[in-house]
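Next come the chains, spelled out residue by residue.
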Amino acid sequence: VSVEIPIDIQAALIPMPNDLKPLPVPQHQPSAHALDALAERLLKAKRPMLWLGGGARHASQQVKRLMDMGFGVVTSTQGRGIVPEDDPRSLGAYNLHKPVETFYQTCDAMLVVGSRLRGNETLKYELKLPRPLLRIDADPAAEGRCYQSDDFVSGDAALALDGLADRLQGRMQIDGNFAADLRRAHDAAVGALVDGLGPYSALVQALQQAVGRNFNWVRDVTVSNSTWGNRHLQLFDSRAGVHALGGGIGQGFQMGIGAAIAEQLRSDARPRKVLCLSGDGGLMVNVGELATAVQEQADLLIVLMNDRGYGVIRNIQDAQYGGRRVYADLHTPDFAQLAGALGLGYLRLDRIEDVGARLAEAAAQRG
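To start, this report covers the structure provided alongside it. Treat the numbers as computed from the prediction; the structure is a model and nothing was measured. (Residues numbered from 1 in each chain as written. Predicted model: local features only at pLDDT ≥ 70, side-chain atom pairs only at ≥ 80, totals over all residues. Heavy atoms only, no water.)

Examining the packing of helix H2 (residues 32-42) against helix H5 (residues 157-168)
Selection criterion: To define axes, lines are fitted to C-alpha atoms, for helices over the stretch in contact only, and angles between the resulting N-to-C directions are given on a 0 to 180 degree scale. Secondary structure elements are defined from DSSP: runs of H or I of at least 4 residues count as helices, runs of E of at least 2 residues count as strands, and each element is numbered from the N terminus. Every angle not falling under 35 degrees, over 145, or within 65 to 115 is termed oblique; those three ranges are roughly parallel, roughly antiparallel and roughly perpendicular. Each helix crossing is assigned a hand: it is left-handed if the near helix lies turned anticlockwise from the far helix by less than a right angle, otherwise right-handed if that turn is clockwise. We call two residues contacting when some pair of their heavy atoms lies within 4.5 Å. Think of it as three bins: nonpolar holds Ala, Val, Leu, Ile, Met, Phe, Trp, Tyr, Cys and Pro, charged holds Asp, Glu, Lys and Arg, and polar takes everything else, Gly as well.
For the pair H2 and H5, the least separation of the axes is 9 Å and the interaxial angle reads 55°. By the angle class used here, H2 and H5 are oblique. Both H2 and H5 take part in a crossing whose hand is right-handed. Together, Ala32, Leu35, Asp36, Leu38, Ala39 and Leu42 of H2 and Ala160, Gly163, Leu164, Arg167 and Leu168 of H5 make up the contact between the two elements. Of the residues contributing to the contact of H2 with H5, the split by class is eight nonpolar, one polar and two charged.

Side note on the packing of aromatic side chains
The test is simple: In summary, the pairing rule links any two rings of Phe, Tyr or Trp, Trp by its six-membered ring, whose centres are within 6.5 Å, and it sorts them by plane angle into stacked for under 30 degrees, edge-to-face for over 60 and tilted for everything else. With a 1.4 Å probe rolled over the protein chains alone, any residue whose accessible area is under 20% of its type maximum counts as buried; one over 50% counts as exposed, and the rest are partly exposed.
Per the counting criterion, the structure on display carries two aromatic pairs. Residues phenylalanine 103 and phenylalanine 178 carry aromatic rings whose centres are separated by 5.8 Å and whose planes lie at 15° to one another, so their mutual orientation is stacked. You can see phenylalanine 103 sitting in helix H4 (residues 98-104) and its partner phenylalanine 178 sitting in helix H6 (residues 178-197), a full 75 residues away along the chain. Each member of the pair, phenylalanine 103 together with phenylalanine 178, is buried. The interplanar angle of 25° and the centroid separation of 5.9 Å between the aromatic rings of tryptophan 217 and tryptophan 228 together place this pair among those described as stacked. Linking tryptophan 217 in strand E6 (residues 215-219) with tryptophan 228 in helix H8 (residues 223-229), this pair joins segments that are 11 residues apart in sequence. You'll find tryptophan 217 and tryptophan 228 in the same group, each marked buried.

As structure tokens, this is what we get:
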């Protein structure tokens, strides 16, 4: 039986809105009474730390006010760049390394701002954080989530930190050894990571030199990102880091294209180069998007780490299944031929000694 249903196409269309700008996000004003109480607790601290998450990305100036009073800083992956990561008062995103955890035990307060303290940022909630553990969050439901709070202020991060800084200005009594102890913990954590990276540390150094400070760092879920991409390549702006928040591979490359096209549309600043870190497995999930990048002339440098397989899955199967590997090794294309067929620039790095020259050459190319 065939049923014909006449439809008025014009009536079915959704009308075009007059204004396409994003809807304003309301700022949650913190309670003055709650800020008074939080300030009184922090006045007792001589070695206070700020833990910054993605909810504090817009609060760089307010964070700086507290740092100028003597607060130290550490960030989650989402909070990277709120403080430039070469600032000596910051631990960067080395938030769960052993020297840093040891340093936490010498601190006498930690204020967590706009962070969920996710399991992968806290050793599955086993990371020993300083007490009292104080929190500021726009979401009231964050109270006591993952870690029990000793005090909580519900409100926008920038408004709350500004109010807090007003109350603390000129009143903090900071331990004279605090800044030096923080720096030693940072350097020990970096040193341990670099030792573990071996020759790959030269790759990170060359990437930093090739792009300087003005770049976006987009990463897929890959072994390289987990080991060094999430913390060792320094970021200098709160919106320069883009990464896949979930555990699935194959998202990074499309996000890189999006970031590169967004940079082309910026009118307020010089466009940033976009670096995209991907593994061969992640790239192959959406390999057709290489054509999109070429077609849209996205100014994008893809750093492809090719171990011909799913490295994370290999590690899991080696650790938990006695090395019995199933669907972990991949047939991958000749990426030089693939790039040539698409009109995509391509350089191969065969020797770590050539990494600086190769990356400088690649970063200098547009598109």
